[in-house]
Amino acid sequence: MKPIDNRKMHTKDLICIGHRGAMGHAPENTLLSIHKALELGTPCMELDVYSVDGHLVVFHDSRLERTTNGTGYLLDQQFNDLRKLDAGNGEKIPTLKEAFEAINLKAGVNIELKGPDTAVPVAEFIAKMRKTGWHDDLLLVSSFNHRELSLLRRLDPRIKLGALIVGLPIDDAAFAQSLGAYSVHLSLEFIDRRFVKDAHNRGLRVFVFTVDHPEDIEKMRELGVDGVFTNYPERVLKNNAVTDAVGWP
Ligand code: G3P
Ligand code: MG
């Protein structure tokens with residue numbers, strides 16, 4: 001990466017997306033992490049979601065070992081057994097409903113579909129949440145699994161979609177446009193100016209993960225990226241001009 005051009009710094013506000021809540025400060029994807037993200041004033045946060053034993057739960061890995069005191073594959077567990085595990089600092093693995101109740105309309109949510117067969121239960125979940133005040137500008141559903149996103153689009157065209165990718169496709173952001181996505185989410189190691197320009201020309205927002213280092217945060221501003229996923233929301237927020245908007249503009 002080239003050094004930052006200081007003359008071009010602070011050219012653009014970045015939408016700050018707390019990664020797995022605020023996992024730089026609290027155990028990832030727990031209610032503690034969600035509360036920390038809210039306390040830091042993040043306008044949006046990202047949570048990873050699986051459907052396990054008929055329940056939507058907030059969890060990142062396919063296995064339990066890294067973040068809990070359990071063992072084995074997440075999808076092999078019974079929901080009641082999962083709830084007995086310690087997901088860090090005594091926290092339970094939260095359900096998506098508990099996560100939404102904790103956020104309580106105070107931030108936009110990016111539900112990342114991690115597990116298979118999550119599009120249908122997430123569409124049903126969102127339909128219920130809308131009745132409690134969660135409007136479409138507070139919701140964004142993303143996935144590396146573009147088949148699930150495509151299914152979600154057919155199930156409910158109102159839901160904003162974010163197409164996740166690690167790498168640079170030959171035709172830049174065309175895949176996300178053909179999905180009918182709202183945004184394209186690219187990893188930090190691959191983002192470049194050409195991709196940002198192409199995505200913007202197609203009417204797509206560009207969000208980059210995971211951006212924690214202050215130099216990388218400023219580089220993303222300079223590239224014209226629209227938002228970043230970060231484990232440390234305060235590092236992004238401190239150089240933003242507008243701090244009171246929540247959700248996905
Ligand atoms: O959604 C952005 C980012 O969270 C995607 O990667 O592995 O952290 O879920 P991962
Ligand atoms: Mg994620």
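As the structure is a prediction and not an experimental result, all values here were calculated from the model.

**Student:** Just to check I follow, could you spell out the coordination of the magnesium ion (ligand 2) for this structure?
**Tutor:** Ideal values differ by geometry: the angle at a metal is 109.5 degrees with four tetrahedral donors, but 90 or 180 degrees with six octahedral donors. Coordination of the magnesium ion (ligand 2) by the protein comes from Glu46 (OE), Asp48 (OD) and Glu112 (OE), over a distance range of 2.0 to 2.2 Å. Donor residues for the magnesium ion (ligand 2) sit on one chain with the sequence pattern E-x1-D-x63-E. Note on accessibility: glutamate 46 and aspartate 48 belong to one class, buried.

**Student:** Which parts of the structure should I look at to understand the confidence of the model for the chain?
**Tutor:** Detailed reading of the predicted model is not advised wherever pLDDT is low. In the predicted model, the chain carries a mean pLDDT of 95, and 95% of its residues have values of at least 70. Low pLDDT, under 50, characterises residues 1–10; the stretch is placed with 14 contacts to residues that sit more than four places away or in other chains.

**Student:** For this particular structure, what's the right way to read the pairing of strand β5 (residues 139–143)?
**Tutor:** Here is the key point about a regular strand: its side chains alternate between the two faces of the sheet. For β5, the tally of buried residues reaches five of five residues, placing the bulk of the element in the interior. Residues Leu139, Val141 and Ser143 point to one face of β5 and Leu140 and Ser142 to the other, with burial holding for every one of them. With four bridges joining them, strand β4 (residues 108–113) and β5 adopt parallel strand pairing. Residue pairing in the sheet places valine 109 in a bridge with leucine 139 of β5.

**Student:** Can you help me understand helix α8 (residues 214–223) in this one?
**Tutor:** Given 3.6 residues per helical turn, the α-helix brings residues three or four places apart onto the same face. With eight of its 10 residues buried, α8 lies for the most part within the structure. Taken as a whole, α8 has its buried residues at Asp216, Ile217, Glu218, Lys219, Met220, Arg221, Glu222 and Leu223. Once α8 finishes, glycine 224 follows within two positions and takes phi at roughly 85°, a positive value.

**Student:** Is there a simple way to think about empty space enclosed by the protein in this case?
**Tutor:** Any empty space left between atoms is shown by rolling a water-sized probe over those atoms. Here the structure, examined in full by the defined rule, presents one cavity of 30 Å³ or more. Roughly 50 Å³ of volume is contained in the largest cavity. Lining the largest cavity we find Glu28, Asn29, Thr30, Val58, Phe59, His60, Thr67, Thr68, Ala87, Ile93 and Pro94. A breakdown of the residues in the lining of the largest cavity according to their chemical character gives five nonpolar, five polar and one charged.

**Student:** Where do I start with the site of ligand 1 in this structure?
**Tutor:** Surveying the vicinity of ligand 1 reveals the residues His19, Arg20, Glu46, Asp48, His60, Glu112, Lys114, Phe144, Leu164, Phe209 and Phe229. Between ligand 1 and the protein, one listed contact pairs an oxygen atom with a side-chain N or O atom of arginine 20 at 2.8 Å. Surface burial for ligand 1 is 90%, taken as the share of its 290 Å² of free accessible area covered by protein chains. Residue classes in the shell around ligand 1 are distributed as four nonpolar, two polar and five charged.

**Student:** Hey, could you run me through the pattern of salt bridges in this one?
**Tutor:** If the charged atoms of two oppositely charged side chains come close together, the side chains can form a pair. Inspection of the entire model under this criterion finds 18 salt bridges. In this structure, the salt-bridge partner of lysine 97 is glutamate 101, at a minimum N-O distance of 2.9 Å. A residue pair is termed a helical-turn pair when its members lie 3 or 4 positions apart in one helix, as lysine 97 and glutamate 101 do in helix α3 (residues 96–103) at four residues. Residue classification places lysine 97 among the partly exposed residues on the basis of a relative accessible area of 45%. Ionic pairing is found between arginine 158 and aspartate 136, a salt bridge with its closest N-O pair at 3.2 Å. Taken together, the residues arginine 158 in the loop between α5 (146–155) and β6 (161–165) and aspartate 136 in the loop between α4 (119–130) and β5 connect sequence positions 22 residues apart. Note on aspartate 136: relative accessible area 17%, which makes it buried.

**Student:** What's the story with α3 in this structure? I'm lost.
**Tutor:** Along α3, the residues classified as buried are Leu96, Ala99, Phe100, Ala102 and Ile103. Taken end-on, α3 shows its buried residues confined to a sector of 160°, consistent with a single buried face. Where the residues of α3 are buried, they touch α1 (31–39), β2 (44–52), β3 (55–58), β4, α4 and β5. At the C-terminal side of α3, asparagine 104 shows a positive phi close to 55°.

**Student:** What is the right way to read the nonpolar core from this model?
**Tutor:** Generally speaking, a soluble globular protein has its nonpolar side chains buried in company with each other. Core analysis: the largest hydrophobic core is formed by 59 residues, its most contacted members being Ile111, Ile191, Met220 and Val225. Those residues in contact with isoleucine 191, other than ones at most four positions away along the chain, are Leu186, Val196, Val206, Val208, Met220, Leu223 and Val225. In this structure, Phe59, Leu64, Leu82 and Ala87 belong to the second largest nonpolar core, which totals 11 residues.

Rules and cut-offs
Residues numbered from 1 in each chain as written. Chains lettered and ligands numbered in written order. Predicted model: local features only at pLDDT ≥ 70, side-chain atom pairs only at ≥ 80, totals over all residues. Heavy atoms only, no water. Donors = N, O, S within 2.8 Å, 3.2 Å for Na, K, Ca; no water. Buried < 20%, exposed > 50% of the residue type's maximum accessible area, 1.4 Å probe, protein only. pLDDT = per-residue confidence, 0-100. Contact = heavy atoms within 4.5 Å. Helix = DSSP H or I, 4+ residues; strand = E, 2+ residues; numbered from the N terminus. Pairing = 2+ DSSP bridges. 1 Å grid on protein atoms, 1.4 Å probe; cavity = no way out; pocket = protein on both sides within 12 Å on 5 of 7 lines; lining within 4 Å. Points joined across faces, edges and corners; volume = space filled by probe spheres on them. Nonpolar A, V, L, I, M, F, W, Y, C, P; charged D, E, K, R; others polar. Near = heavy atom within 4 Å. Polar contact = N/O pair within 3.5 Å; in protein donor to acceptor, adjacent residues only side chain to side chain. Areas by Shrake-Rupley, 256 points an atom, 1.4 Å probe, with all protein chains shown as cover. Salt bridge = Lys/Arg side-chain N within 4 Å of Asp/Glu carboxyl O. Arc of directions from axis to C-beta. Core = buried A, V, L, I, M, F, W, Y, C linked by side-chain atoms within 4.5 Å.

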